[in-house]
Amino acid sequence: MIEWIMMGAFIVALGLSVWKLYYFFPTERLADDDTTPESVELLERIMIECHQASPLMSEEELYEAMKTHNDFDSAHFWRFNQNRLRHLITHYRLKAPEFRP
């Protein structure tokens, strides 16, 4: 009999834990999520436009040019930094290996 009570208590505790974890993790996108495919495409387009305007820019200069671009929304891309730019360049090079900033 005690085994069944312990098994029931364990199942109830496990159910509560799973329920709490479900509500702990976000289930919908945040408004400022800059990792969506649409946001990545926009950043890539801005990067390409800035690179085509001046192809001899360094990564730092490309970063500054992207931040001053008309389509760059600093509220949406508030986490954008040079490391994110390097990741974006690497991601874009998979599509276009000839791209060299």
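To start, this report covers the structure provided alongside it. Note that the structure is a prediction, hence the values are computed from the model and not measured. (Residues numbered from 1 in each chain as written. Predicted model: local features only at pLDDT ≥ 70, side-chain atom pairs only at ≥ 80, totals over all residues. Heavy atoms only, no water.)

**Description of a nonpolar patch on the surface**
So, point 1. Nonpolar side chains collect at one region of the surface, where W4, M7, F10, I11, L14 and V18 lie side by side and expose about 700 Å² of accessible area between them.
So, point 2. Residue W4 is classed as exposed on the basis of its relative accessible area of 69%. (Patch = residues over 30% accessible without salt bridge, like charges linked within 9 Å, V, L, I, M, F, W, Y side chains within 5 Å. Areas by Shrake-Rupley, 256 points an atom, 1.4 Å probe, with all protein chains shown as cover. Salt bridge = Lys/Arg side-chain N within 4 Å of Asp/Glu carboxyl O. Buried < 20%, exposed > 50% of the residue type's maximum accessible area, 1.4 Å probe, protein only.)

**Section: the pattern of salt bridges**
So, point 1. According to the stated counting rule, one finds five salt bridges in the structure shown.
So, point 2. For the salt bridge of E44 with K95, the shortest nitrogen-to-oxygen distance reads 2.8 Å. Here K95 lies in helix 4 (residues 82-95) and E44 lies in helix 2 (residues 37-53), a separation of 51 residues in the sequence.
So, point 3. E44 sits in the buried class, given a relative accessible area of 5%.
So, point 4. Residue classification places K95 among the exposed residues on the basis of a relative accessible area of 53%.
So, point 5. For E59, the salt bridge is made with R86, and the minimal N-O distance between the two is 3.0 Å. Here the residue E59 occupies a position in helix 3 (residues 59-67), and R86 occupies one in helix 4, the gap between them amounting to 27 residues. (Helix = DSSP H or I, 4+ residues; strand = E, 2+ residues; numbered from the N terminus.)

**Here we look at the packing of helix 3 against helix 4**
So, point 1. Put simply, helix 3 and helix 4 touch, their axes get as near as 10 Å, and they point 100 degrees apart. Classified by the angle between their axes, helix 3 and helix 4 sit roughly perpendicular to one another. Across from E59, E60, L62, Y63 and M66 in helix 3, the residues of helix 4 making contact are Q82, L85, R86, L88 and I89.
So, point 2. Among the residues making up the contact of helix 3 with helix 4, the classes are represented as six nonpolar, one polar and three charged. (Axes fitted to C-alpha atoms, helices over the stretch in contact; angles between N-to-C directions. Parallel < 35°, antiparallel > 145°, perpendicular 65-115°, else oblique. Contact = heavy atoms within 4.5 Å. Nonpolar A, V, L, I, M, F, W, Y, C, P; charged D, E, K, R; others polar.)

**What about the packing of helix 2 against helix 3?**
So, point 1. Where helix 2 contacts helix 3, the two axes come as close as 9 Å, and the packing angle between them is 115 degrees. Two packed elements cross with a definite hand, and for helix 2 against helix 3 that hand is right-handed. Facing helix 2, whose interface residues are L43, I46, M47, C50 and H51, helix 3 presents L62, A65 and M66.
So, point 2. Here the residues of the contact of helix 2 with helix 3 sort into seven nonpolar, one polar and no charged. (Left-handed = near helix turned anticlockwise from the far one by under 90°.)

**Considerations on helix 3**
So, point 1. For helix 3, the complete set of buried residues consists of L62, Y63 and M66. Down the axis of helix 3, the buried side of the element spans an arc of 105 degrees, and every buried residue falls inside it.
So, point 2. Its buried side turned inward, helix 3 meets helix 2 and helix 4. (Arc of directions from axis to C-beta.)

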